[in-house]
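Below, each chain spelled out in residue letters.
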Amino acid sequence: MVPTGHPSSFRPAWRRGQKFDASASNRPILVFENVYKAYRADQPVLRGTNLTIERGDFVFITGPSGAGKSTLLRLLYRAETVDDGRILFLGRDIARLTDNSVPMLRRNIGVVFQDFKLVPKWTVFDNVAIALEVLALPSRIIHTRVGEALERVGLSGRGSDRAAVLSGGEQQRVAVARAIVGEPALILADEPTGNLDPLLATDILGLFEEIHATGTTVLFATHDRTLLDVRPRRVVVLDEGKATDVPHGLGMAEEDDLDNFGESDEDNTSIDNETPRVVTPTDRLAVA
Ligand code: ADP
């Protein structure tokens, strides 16, 4: 799906003179340098993780449930902080951003979650518009951009429907629209197809492919092996606290690289999956 309308009409306000750092354009968009993260001292999740993501990449982050995929993504939008090591986003050390700069970081990152995190009683339009309303943009501009985002995800004409009446696949499309409406440099997808049947999962993956085709860097975390086969993409396996590239895509992977995949959800120890979080508008704004 190609965005319609003039490209300049899709520019977020913060692009005007507030870019992170012009000299960052030649740097990788993301660098993890020897990152350590533990929630409990005796059970470190990331143990010296190194990973470089170039601008415009589409990268699958995969690995067994509990390997730390969500943690890795949460560190990126500073919902968590590293214990040691550095994460550079466009050359800037995320841990060293001031409180004032964290919103700027988050505006450059769109996040899509497994459980959509929509407000069911809000309209589709409002669920997407919230990401721009925090920026205090004129409502005319918000209307245009939300309309464009909904068109990109194939939901034109659904803006006035309440989110609750949409199917799961459609709700995830709304969440994708919310993530892209600010035209972030980086999209993080945290098991975005985990609640969808296989056909819808492939559909949603296709949507991320289309977003990627317009120049956005995509990090797509999943433990669903079937998705990795859809198209040859860079695949990074997270296991035992380390990130390792699968050489030449999944077809060439050693069995050991992909051990424990496809396990049942019962084994999933992710906090995100275990504890339904109460979603407040602030939560959503923080990641918009
Ligand atoms: P994945 O996304 O690969 O399933 P997670 O990053 O969700 O992995 O979790 C990695 C490990 O960290 C798991 O053992 C999980 O239980 C634990 N964990 C995740 N978030 C928290 C948290 N907020 N507090 C304590 N432990 C956590």
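Residues numbered from 1 in each chain as written. Predicted model: local features only at pLDDT ≥ 70, side-chain atom pairs only at ≥ 80, totals over all residues.

## Details of the overall build of the protein chain
Phase 1: For the protein chain, the helix and strand inventory stands at nine helices and 10 strands.
Phase 2: Of all 288 residues assigned to the protein chain, the portion counted as buried reaches 39%.
Phase 3: The contacts of the protein chain with a sequence gap of at least 6 include a subset with a gap of at least 24, amounting to 74%. (Helix = DSSP H or I, 4+ residues; strand = E, 2+ residues; numbered from the N terminus. Buried ≥ 20, exposed ≤ 12 C-beta atoms within 10 Å, placed from the backbone. Contact = placed C-beta atoms within 7 Å.)

## Some details on the pairing of strand 2 (residues 43-53)
Phase 1: In this sheet, strand 2 lies alongside strand 1 (residues 30-40) in antiparallel orientation, the contact comprising eight bridges. Bridging across to strand 2, Val31 finds its partner in Thr52.
Phase 2: In this structure, the hairpin formed by strand 1 and strand 2 is closed by a connection of two residues. (Pairing = 2+ DSSP bridges.)

## Comments concerning the sheet that holds strand 8 (residues 217-221)
Phase 1: Spatial ordering of the open sheet is given by 6-7-8-3-9-10, a layout of six strands whose pairing is mixed. Because the sheet does not close on itself, it has two edges, and the strands there are strand 6 (109-113) and strand 10 (242-245). Adjacent strand axes in the sheet meet at a mean angle of 20° when their direction is disregarded.
Phase 2: Alignment of strand 6 against strand 7 (residues 186-190), held across five bridges, turns out to be parallel. Bridge pairing links Val112 to Ala189 in strand 7.
Phase 3: Taken strand by strand, helix 5 (residues 168-180) contacts strand 6 and strand 7, and its axis lies near 165° from that of strand 6. (Axes fitted to C-alpha atoms, helices over the stretch in contact; angles between N-to-C directions.)

## Topic: the confidence of the model for the protein chain
Phase 1: With 77% of its residues at a pLDDT of at least 70, the protein chain reaches an overall mean of 82.
Phase 2: Considering only residues more than four positions removed or in separate chains, one finds that residues 1-19, a stretch of pLDDT under 50, has 24 contacts.
Phase 3: Counting interchain partners and residues more than four positions distant, the pLDDT-below-50 stretch residues 251-288 has 41 contacts. (pLDDT = per-residue confidence, 0-100.)

## Observations concerning helix 1 (residues 69-76)
Phase 1: Across the eight residues that make up helix 1, a large majority, eight, are buried.
Phase 2: Considered for burial, the residues of helix 1 that qualify are Lys69, Ser70, Thr71, Leu72, Leu73, Arg74, Leu75 and Leu76.
Phase 3: A positive backbone phi angle near 55° is found at Arg78, which sits one or two residues after helix 1.

## Quick notes on the sheet that holds strand 2
Phase 1: With respect to topology, four strands assemble into an open sheet ordered 2-1-4-5, the strand pairing being antiparallel. At either margin of the open sheet sits one strand with a lone partner, and together these are strand 2 and strand 5 (92-93).
Phase 2: Sheet topology places strand 1 next to strand 4 (residues 84-89); five bridges connect them, and they run antiparallel. Looking across to strand 4, one finds that Phe32 is bridged to Ile87.

## Details of the nonpolar core
Most often, soluble globular proteins have nonpolar side chains that are buried together.
Phase 1: With 73 residues, the main nonpolar core has Val128, Ala177 and Leu219 as its most contacted residues.
Phase 2: Ranked by residue count, the leading element in this core is helix 3 (residues 124-133), at seven residues.
Phase 3: Three or more residues apiece are contributed to this core by two domains, here domain 1 (27-108 + 186-250 + 275-288) and domain 2 (110-183).
Phase 4: Contact partners of Val128, with chain neighbours within four places excluded, come to Val146, Ala149, Leu150, Val174, Ala177, Arg178 and Val181. (Core = buried A, V, L, I, M, F, W, Y, C linked by C-beta atoms within 7 Å. Domains from an automatic or database assignment.)

## Thoughts on unusual backbone geometry
Phase 1: Of note, Arg78 is a non-glycine position whose phi angle comes to about 55°, a positive value.
Phase 2: With respect to the secondary-structure elements, Arg78 resides in the loop between helix 1 and strand 4.
Phase 3: For Arg78, a count of 19 C-beta atoms within 10 Å translates into the label partly exposed.
Phase 4: Positioned with a positive phi, Phe116 is a non-glycine residue whose angle comes to about 70°.
Phase 5: Relative to the assigned elements, Phe116 resides in the loop between strand 6 and helix 3.

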